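Summary of structural features
In case you want the letters, here they are:
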Amino acid sequence: MDMENIRQVLEDAAQIFLSAAHTITNERRREAEKVFLQFRRSQFSLDLYRYLIEHSSSSYVVYQTLTALREGIVKEWSSLNDALKEQVVQYLLSYVYSHYSTLSVHVREQALQILVVINKRRKAQRAQMAKNGFTVSLALTNLLQSTNNQEFEFGLTLLNAFINEYSFSNANEAGLTVEQRHSVKRDFEENELKTVLELLLNKIQSNLSSISSSSDLQLFSSILTIIEKILLWNFSSSFSNTRRTMESSNNVETIDWRPPISWKQLVFDQQLVEFFFHIYATLKSMNETKILLQRRCQILRCLSQLACLNGPLISDEPCRLRYLTTFSYYFVQTFLINSTLTINLIECFDISNIISNLITLFTVKGFCSMDNDLCNSFLQLMSQITILLCRTTIISSNNQLDKIIEDPTIAKETFDRLLQAWSRLLYGIDFGRFANLRSFAIEIFDTYLQTHLHINDNYETNDFDLADNDEDDKDLFSEQLICIGLFGRHIIDYALPLLIRLLVDRTKKLYNMMNNSSSNINTKSLDAINDDLHWLLLICGHVLTEEYDSDEQKTIPEAVMNFSREQVKYCDLNKCVQIAQHILQQSQLDLSDEIMHGVSPVTQCLVAVLKLSETERHLCNKGQFEYISVQVAVSLTWFIRRLAANYLGFDEQSYKDVSQILLILLGKGSEMLEFLTNYFLSKVITNLQMWASESDVIRETADLFVTLSMKKDSSLIIIKNDLFWTLANNVITNQMPIQLINEEYKRLLIKGITCTCLNNSSDEYRLHFDRSIFQILNQRLHSIVESIHTLIEQIKLNTNNKIHCTNALQTFYSENVLSQISTLINSYCGLIEGGSRCSSEQITYLFEHSQQTLQDILDLFDFYHNYCDQVQIILELFSLYAEHVLIYLNQNHTNIFYKYILRLLQIFTKCNYGKKTKEINADEDFNSHIYTLLNCLNHLLAKDFIDFSNENSTNTDVNVGDVVLYGLIICLPLIQLDNLLKIPSISICYYKLASSLCEQHSDCIFRLLNPDQYSIFLSTIKLGLDNYDNEICKMCLETIQNLTLYTIKQQKLNQTNEKIKYLEHFLDYLLQEIVITTTTLSDLFDTLAGTIYTLICAYPNQFYHILGQMKQYDENLSIIIDKLANDTGQKPDYNRKAKISFTVKFESFVTNLRRIMKK
């Protein structure tokens, strides 16, 4: 076929392929696609490619032609002569330049990529090339030096192609090995990349003063865009392990900019930082327009990345300090003129990034090493920007920032980022060293209060509002509150009295409004008071306490302890103790200055909160619910919980210097400790009665109760309080108002009750717990189960009262009884969660006394197998046992628990095979069942490597691998039938289980699975390789590898098993489907290669058969296939050293294979 006919065929195919979906059939579209695939696989012909490029009217045909040219060059590289390669370079340079304005973007990019690929391959064999052989690199340099704007723009486009190609994401297109890609990339960084950056900077410098027209600004913007990419470059010198990094670095952003040592002259001697500040200042001196403001923001983004300089250029401390000092000096000089902030609001986002990056990368220590005057100026600039942002992130009619930034979350994000930088500074800085820091902190703290409170009876809304966000303020603004709390602790002598004064004032206003005889309520004023109380509680809570992880020991902040200790000389200790009791006995007591005189600020804060709590209680008692704010109730309970967690019964041994006031008031064994703990317990009871229908309040209340229960000192106090046992009885018997509470929060209450009782070593309370809680639950459960059994037996006997028994049995399916069952099982869940916080002896005690309970629950599981809620809760209960209890059980108890699990699995399989239902949400419920069951099986496997029992016996009646595999056998058909592996949570859980099981108990797989089951299991592994992300693919490869290792062991023992051959197809699959046709697992190459090597060791004959088939497919593969075969050996023996060696050789094989086969 001549070239014109080929052009016509391709254009016809392009017209069909690009037609609208409704105008063409899928079959015709596939045929058109096949035409292009065959064309790209045809013999390399530069004349044909040139003809098509120059004569085709279809840009899609031109694009496909360029793609064929690129793939042909990569494939035929070793056979093409240098003259032909140079001919391609010259032709494409000329073609793209002459048609630059008319070419479509994708065609132009494809043509330029070919140029870069050729240049890259030449670089890889630079030992064989003359210095003038790198035509593309020379062309790039010449174009960027040109004074002709069209040529320069062409150079920018070519440079963009260089940057894209040398990034890791597109590295495979050039057909190079990992080591070659790394080598040419490093060469590019040290030569071309550095050179072009210098050229771009020179271009900016030469044109900066003459920028006037929009075209000049557009070119200026294009240059800055390229510079931004260079300043975001991921340098090779950043990594120690080339292979691992190059496989895992795709699409990962890094804040560090780590140029090699060869860039030192450019960065330091040519004063790169100073130059960018100079550009910014020049642009700022011009008449401000929207376009100029955008260019300034580009400069700020460049400076933001220069603030991240790291690596070999500043490896020593003096060098780091010089760079930081230079940057900070020009930063302050540019934006703080005569102590006045000179920035546009829209620039705040990038300036905040600069500040954050400087403090993060150069650390607080580096910052404090600078000159004091410079540090003070920098802090002044930071504080002024912070205050500006704080004032402008509030929603109001004249908010300038929102007018500039359409998305209000950007304003909040900017403010949060700046506060995070402050947090890093404040945690490590010597606060007293900088004279102005205290005044800055006070101003920032005051501004935050002013923008969140209604000052001077101003009732305008000051809350920052994010549309459609139901998140609580303490969570939504947590970063801000943490930093403001940190500011408050640094100026605690100012902040705490101010907060107390405001808290007392708002509480007094609420109290006065409550006692106002007028029947008309000023709603606006009331809302403002409650809103202020809400924010004051949040801010005060963050000043007095720090953030901790849930399991971390919570302590009183050092600043609070020191401040309280210093206040002793001004305080009356007796009055500090008495006033808290007085405020509860006389809630009408006015917290005047006279009353508060001689009371420490921390005590005053506690008293103010108690006053507010009592005011709330009196409002409820009087039925004045219109005065009560749910938001304040949540914040008040949250504050008390934080106070209880950090202060109640604190251990003085944990502190270097202890405040006597706090020790007497809240320390171990103090009189007030008992008083306050009991009051907090009463607060729990009151909240449950007052706010049973408000889930947010109940959640905080339940958390408060759990906090009191988990602290040993407070739990010893509340267990002696009759209120505790009254609460326990109400929760266990599910009396009002407990019935109104969400099951999740009831479970938390049971957790707290259990934790309190079992953490107490007294036999009296253990017995009380046993009789009042455990036995009541067990008796109620056993009674229900016995009643069901009796009725079923009566029905089976076909007695005269069969109809009566049937009707009676139906009552157990009523909503009322189903609710009771759910509450009962949830109570057991709470018992286990509470017991898990106790000693191993107490956990064992729970299990020993749960034998009959677990049997009864399994009977209920069988009886209610059609009721999704009950099934789910029971599965969760056994999952909790497996997670929290199993690891503490001795071997006998472990065997007993395994038998319970086996029965659970038997019931589940009996009741779910062939099950059909018309229930709404039945699919979602069943998915939850499978997920919980898989989780439970995963927890069972953990016993193999986490065992806290006091017994080292290896004697076992039941193998955990057998139990887990039995569960897997049950789940497999159900999972496969409903395609449940499409659900992310289930797929992760399933493949984690499969991987762990095959790692620890491969023998069970071969011993217990029949061929059909084994085949289904392996099909799910193949599904994981085909359809899922790297995390699941890695687990699938590890599963195959572990099964193959077991196969190798069996082969060495000359033991045969028909299932051994089932793994063979994975060798063919991984080589043919993954290595040749896709790049799915390129980021997991080491794992992939290790799995393939393990398969080769198990099935060497199959491996060589596959290699033979590859040779027949393409004769060009013979050389590299023979080399791989020789490197591998006829009978490879599996060992770690051989696997590592194979991985390196296999990587080279795959690279060459893809190059030759156009992959």
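Definitions and limits used
For every chain, the first residue of its written sequence is number 1, and the numbers climb from 1 along that sequence. Under the rules for a predicted model, residues below a pLDDT of 70 receive no local features and side-chain atom pairs below 80 are neither given nor counted, while totals for whole chains, interfaces and linings still include all residues. Side-chain measures here rest on the full set of heavy atoms in the structure, leaving out hydrogens and waters. Secondary structure elements are taken from DSSP: a helix is a run of H or I of four residues or more, a strand is a run of E of two residues or more, and numbering for both begins at the N terminus. Throughout, exposure labels follow a simple rule: accessible area from a 1.4 Å probe, protein chains only, divided by the maximum for the residue type, with under 20% read as buried, over 50% as exposed, and the rest as partly exposed. Contact definition: two residues touch when any of their heavy atoms are within 4.5 Å. Shrake-Rupley sampling with a 1.4 Å probe provides the accessible areas, and residues are treated as covered by the protein chains on show and by no other component. Nonpolar cores were defined as sets of buried Ala, Val, Leu, Ile, Met, Phe, Trp, Tyr and Cys residues, with membership established by side-chain atoms within 4.5 Å. For this text, the term disulfide refers to a pair of cysteine sulfurs within 2.5 Å. Each patch is built from residues lacking any salt bridge and having more than 30% relative accessible area; the joining distance is 9 Å for like charges and 5 Å for nonpolar side chains (Val, Leu, Ile, Met, Phe, Trp, Tyr). By salt bridge we mean one thing: a side-chain nitrogen of Lys or Arg within 4 Å of a carboxyl oxygen of Asp or Glu. Side-chain rings of Phe, Tyr and Trp, where Trp is taken by its six-membered ring, are said to pair if the distance between their centres is within 6.5 Å; with planes under 30 degrees apart they count as stacked, over 60 as edge-to-face, and otherwise as tilted. When the NZ atom of lysine or the CZ atom of arginine is within 6 Å of a ring's centre and also within 35 degrees of its normal, the charge is said to sit over that ring. Helix axes are fitted to C-alpha atoms over the stretch in contact, other axes to C-alpha atoms as well, and angles between N-to-C directions run from 0 to 180 degrees. Whether a crossing is left-handed or right-handed is set by the direction in which the near helix is turned from the far one by less than a right angle, anticlockwise for left-handed and clockwise for right-handed. Polarity classes work like this: nonpolar for Ala, Val, Leu, Ile, Met, Phe, Trp, Tyr, Cys and Pro, charged for Asp, Glu, Lys and Arg, and polar for all others, with Gly in that last group. Roughly parallel means an angle under 35 degrees; roughly antiparallel, over 145; roughly perpendicular, 65 to 115; everything else is oblique. Confidence of the prediction at every residue is given by pLDDT, a number between 0 and 100. Think of a polar contact as two N or O atoms within 3.5 Å of one another; within protein, one of them needs to be a possible hydrogen donor and the other a possible acceptor, and neighboring residues in sequence only count if both atoms come from side chains.

Points about the overall build of the protein chain
When helices and strands are tallied, the protein chain shows 53 helices and two strands. Out of the 1159 residues belonging to the protein chain, those deemed buried represent 56%. Long-range pairs, those at least 24 residues apart, make up 78% of the contacts in the protein chain between residues at least 6 apart in sequence. Accessible area for the protein chain stands at about 50500 Å²; split by element, carbon and sulfur atoms hold 46% of it.

Side note on the environment of Cys-1036
Structurally, the position occupied by Cys-1036 is in helix α48 (residues 1030-1052). On the accessibility criterion, Cys-1036 (0% relative accessible area) is buried.

Considering the nonpolar core
Residues Phe-276, Phe-327, Trp-422, Phe-445, Phe-897, Leu-940 and Phe-1017 are the most contacted members of the largest nonpolar core, which totals 401 residues. When residues of this core are assigned to their parent elements, the largest contribution, 13 residues, is made by helix α23 (residues 492-514). Aside from chain neighbours lying at most four places away, what touches Phe-897 is Phe-847, Phe-878, Tyr-881, Ala-882, Leu-886, Leu-889 and Leu-940.

Let's talk about unusual backbone geometry
Of note, the bond from Met-736 into Pro-737 is cis; its omega dihedral lies within 30 degrees of zero at 0°. Mapped onto the elements, Pro-737 comes out in the loop between α34 (722-733) and α35 (743-758). One non-glycine residue with positive phi stands out, namely Thr-363, at about 65°. As for its position among the elements, Thr-363 is in helix α16 (residues 348-368).

Some points on the state of the cysteines
In the structure shown here, the tally under the stated rule is zero disulfides. Unpaired in this structure, Cys-348 has its nearest cysteine sulfur neighbour in Cys-297, at a distance of 9.8 Å. Between Cys-1036, a free cysteine, and Cys-1033, which holds the nearest cysteine sulfur, the sulfur-to-sulfur gap is 6.2 Å.

Some words on a nonpolar patch on the surface
On the surface, Phe-945, Ile-946 and Phe-948 cluster together into a nonpolar patch covering about 310 Å² of accessible area. Relative to the elements of secondary structure, Ile-946 occurs in the loop between α43 (922-942) and α44 (960-977).

Observations concerning the packing of aromatic side chains
According to the stated counting rule, one finds 55 aromatic pairs in the structure shown. Centroid distance Phe-724 to Trp-725: 5.0 Å. Interplanar angle 85°. Geometry classified as edge-to-face. Classification of Phe-724 as buried rests on a relative accessible area of 0%. On the accessibility criterion, Trp-725 (13% relative accessible area) is buried. The structure contains a cluster of three or more aromatic residues connected by ring pairs, namely Phe-268, Phe-277, Tyr-323, Phe-327, Tyr-329, Tyr-330 and Phe-362. Note that Arg-108 overlies the ring of Tyr-100, its terminal NZ or CZ placed 4.7 Å from the centroid. When the ring centre of Tyr-166 is taken as reference, the NZ or CZ atom of Lys-120 above it lies at 5.0 Å.

A word on the pattern of salt bridges
Going through the model one piece at a time under the given rule, you end up with 39 salt bridges. Two residues, Glu-192 and Lys-123, come together in a salt bridge whose shortest N-O distance is 3.2 Å. Taken as a pair, Glu-192 in helix α9 (residues 178-207) and Lys-123 in helix α6 (residues 105-124) lie far apart in primary sequence, 69 residues in all. We note that Glu-192, like Lys-123, is buried. One salt bridge connects Lys-910 with Asp-862, and the closest N-O pair in it is separated by 3.1 Å.

Remarks on the packing of helix α28 (residues 601-621) against helix α31 (residues 671-690)
As a packed pair, α28 and α31 sit with axes 12 Å apart at the nearest point and diverge in direction by 30°. Relative to α31, α28 is oriented so that their crossing is left-handed. Across from Leu-606, Leu-610, Ser-613, Glu-614, Glu-616, Arg-617 and Cys-620 in α28, the residues of α31 making contact are Leu-676, Tyr-679, Phe-680, Lys-683, Thr-686, Asn-687 and Met-690. Residues belonging to the contact of α28 with α31 are distributed by class as follows: seven nonpolar, three polar and four charged.

Structural notes on the packing of helix α1 (residues 3-17) against helix α2 (residues 26-40)
For the pair α1 and α2, interaxial distance at closest approach is 8 Å and the crossing angle is 140°. One finds that α1 runs oblique with respect to α2. The two elements α1 and α2 meet at a crossing, and its hand is left-handed. When α1 is examined against α2, the residues Val-9, Leu-10, Ala-13, Ala-14, Ile-16 and Phe-17 are found in contact with a partner set consisting of Arg-28, Arg-29, Ala-32, Glu-33, Val-35, Phe-36 and Phe-39. Its residues assigned to classes, the contact of α1 with α2 comprises 10 nonpolar, no polar and three charged.

Overview of the confidence of the model for the protein chain
Regions with low pLDDT carry predicted coordinates that are not meant to be interpreted in detail. Put simply, the protein chain has an average pLDDT of 84, and 90% of its residues get 70 or more. Helix α11 (residues 242-248) is the least confidently modelled element of the protein chain, averaging 38 in pLDDT, while helix α32 (residues 695-710) averages 94, the highest of any element. A low-confidence stretch, residues 395-399 (pLDDT under 50), is modelled with nine contacts involving residues beyond four sequence positions or located in other chains. Per-residue pLDDT stays below 50 along residues 461-468; that stretch engages in 20 contacts with residues further than four places along the chain or on separate chains.

With respect to the side chain of Thr-451
Note on placement: Thr-451 falls in helix α20 (residues 437-452). For Thr-451, the side chain forms a polar contact with the side chain of His-452, separated by 3.1 Å.

Considerations on the environment of Phe-331
Inspection of the secondary structure puts Phe-331 in helix α15 (residues 317-335). Separated by 20 residues in sequence, Phe-331 and Ile-351 place their C-alpha atoms 9.4 Å apart. Here Phe-331 is in contact with Phe-277, Ile-351, Ile-354, Ile-355, Phe-378 and Leu-381, once residues within four sequence places are set aside.

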